[in-house]
Amino acid sequence: MHENTCCFFGHRTINETDELRTKLTATIEKLITDENVDTFLFGSKSEFDRLCLELVTKLKEKYPHVKRIYVRAEYPNITDDYRAYLLRFYDDTYYPEKLRRAGRAAYVERNYEMINNSKYCIVYYDEMSVPVSRKSGTKTALEHAMRSDKQIIVFPHLKYPIE
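Residues numbered from 1 in each chain as written. Predicted model: local features only at pLDDT ≥ 70, side-chain atom pairs only at ≥ 80, totals over all residues. Heavy atoms only, no water.

1. Focus: the overall build of the protein chain
For the protein chain, the helix and strand inventory stands at 5 helices and 6 strands. What you see for the protein chain is a C-alpha radius of gyration of 15 Å, in line with the 15 Å of a compact globule of 163 residues. In terms of overall dimensions, the protein chain has C-alpha extents of about 45 × 40 × 30 Å along its principal axes. Evaluated residue by residue, the protein chain yields a buried proportion of 47% over its 163 residues. Computing the positive centroid from 26 side-chain charges and the negative centroid from 25, the protein chain places the two 4 Å apart. (Helix = DSSP H or I, 4+ residues; strand = E, 2+ residues; numbered from the N terminus. Rg over C-alpha atoms; globule rule 2.2 N^0.38 Å. Buried < 20%, exposed > 50% of the residue type's maximum accessible area, 1.4 Å probe, protein only. Lys, Arg positive; Asp, Glu negative; His and termini not counted. Charge placed at Lys NZ, Arg CZ, Asp CG, Glu CD.)

2. Quick word on the environment of L87
With respect to the element layout, L87 can be found in the loop between helix 3 (80-86) and strand 4 (92-94). With a relative accessible area of 36%, L87 lands in the partly exposed category. Through-space distance from the C-alpha of L87 to that of S44 is 14 Å; in sequence the pair is 43 residues apart.

3. Looking at the confidence of the model for the protein chain
Scored by pLDDT, the protein chain comes out at a mean of 89, with 91% of its residues at no less than 70. The least confident element of the protein chain is helix 5 (residues 137-147), whose mean pLDDT is 88; the most confident is strand 2 (residues 39-42), at 98. (pLDDT = per-residue confidence, 0-100.)

4. Quick word on the side chain of K60
For K60, the position within the fold is in helix 2 (residues 47-60). For K60, a relative accessible area of 18% gives the class buried. Here K60 is in contact with V66, R68 and D91, once residues within four sequence places are set aside. (Contact = heavy atoms within 4.5 Å.)

5. Details of the sheet that holds strand 3 (residues 67-71)
Note: strands within a sheet are paired through backbone hydrogen bonds, in either parallel or antiparallel orientation. The 6 strands are arranged 4-3-2-1-5-6 in an open sheet whose pairing can be described as parallel. Single-partner strands in this sheet number two, and they are strand 4 and strand 6 (151-155). Strand-to-strand twist across the sheet, computed as the mean angle between neighbouring axes with direction ignored, equals 20°. Looking at chain direction, strand 3 and strand 4 are connected through 3 bridges and run parallel. By the bridge assignment, I69 is partnered in strand 4 with D92. Its contacts with the sheet put helix 2 on strand 1 (5-10), strand 2, strand 3 and strand 5 (120-124), and the angle it makes with strand 1 is roughly 145°. With respect to the sheet, helix 5 is in contact with strand 1, strand 5 and strand 6, its orientation differing from that of strand 1 by roughly 150°. (Pairing = 2+ DSSP bridges. Axes fitted to C-alpha atoms, helices over the stretch in contact; angles between N-to-C directions.)

6. Quick look at the pattern of salt bridges
Following the criterion strictly, the structure yields 15 salt bridges and no others. Between K23 and E19 there is a salt bridge, with the nearest N and O atoms lying 3.1 Å from each other. Here the residue K23 and the residue E19 both occupy positions in helix 1 (residues 18-34), the gap between them amounting to 4 residues, near one helical turn. Residues D91 and K60 are paired through a salt bridge, measuring 3.5 Å at the closest nitrogen-oxygen approach. Taken together, the positions of D91 in the loop between helix 3 and strand 4 and K60 in helix 2 put the pair 31 residues apart, joining distant regions of the chain. Residues joined by salt bridges that share partners form a network here, namely E16, R21, R50 and E54. (Salt bridge = Lys/Arg side-chain N within 4 Å of Asp/Glu carboxyl O.)

Next comes the structure, spelled out in structure tokens:
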């Protein structure tokens, strides 16, 4: 899954602007056309995830071979009805087995799973919005991606790759 795969992660709340949408769409399309990325991994629980899913879904009209995969951090076993519901938005979904023992770290471990199975990471990370009172899950995931030598594209202040 690694070579042609990109994952998304970022803060729960974002400053969604027309400029962000335009740059993000152009970046995703460039990965599809220039880097042959055909698989996109999504988490949940954030405005950034929602926006990226919306943009990839729109690009799927032009590039129907692209796959959207939802990596669940909850619900290891799902009903057929829930699977059918998820497949209205995604092309597939799965729950990583190692998350069964992750407890409160399930979302961190899910992000690691997505990063480890991707060559590219598109991240929404704004240092000014990182909480001082607790560790940022986005920062933790970003640090993991950096240690894992991934190609990282950071929004809203576009850096490609980050330094």
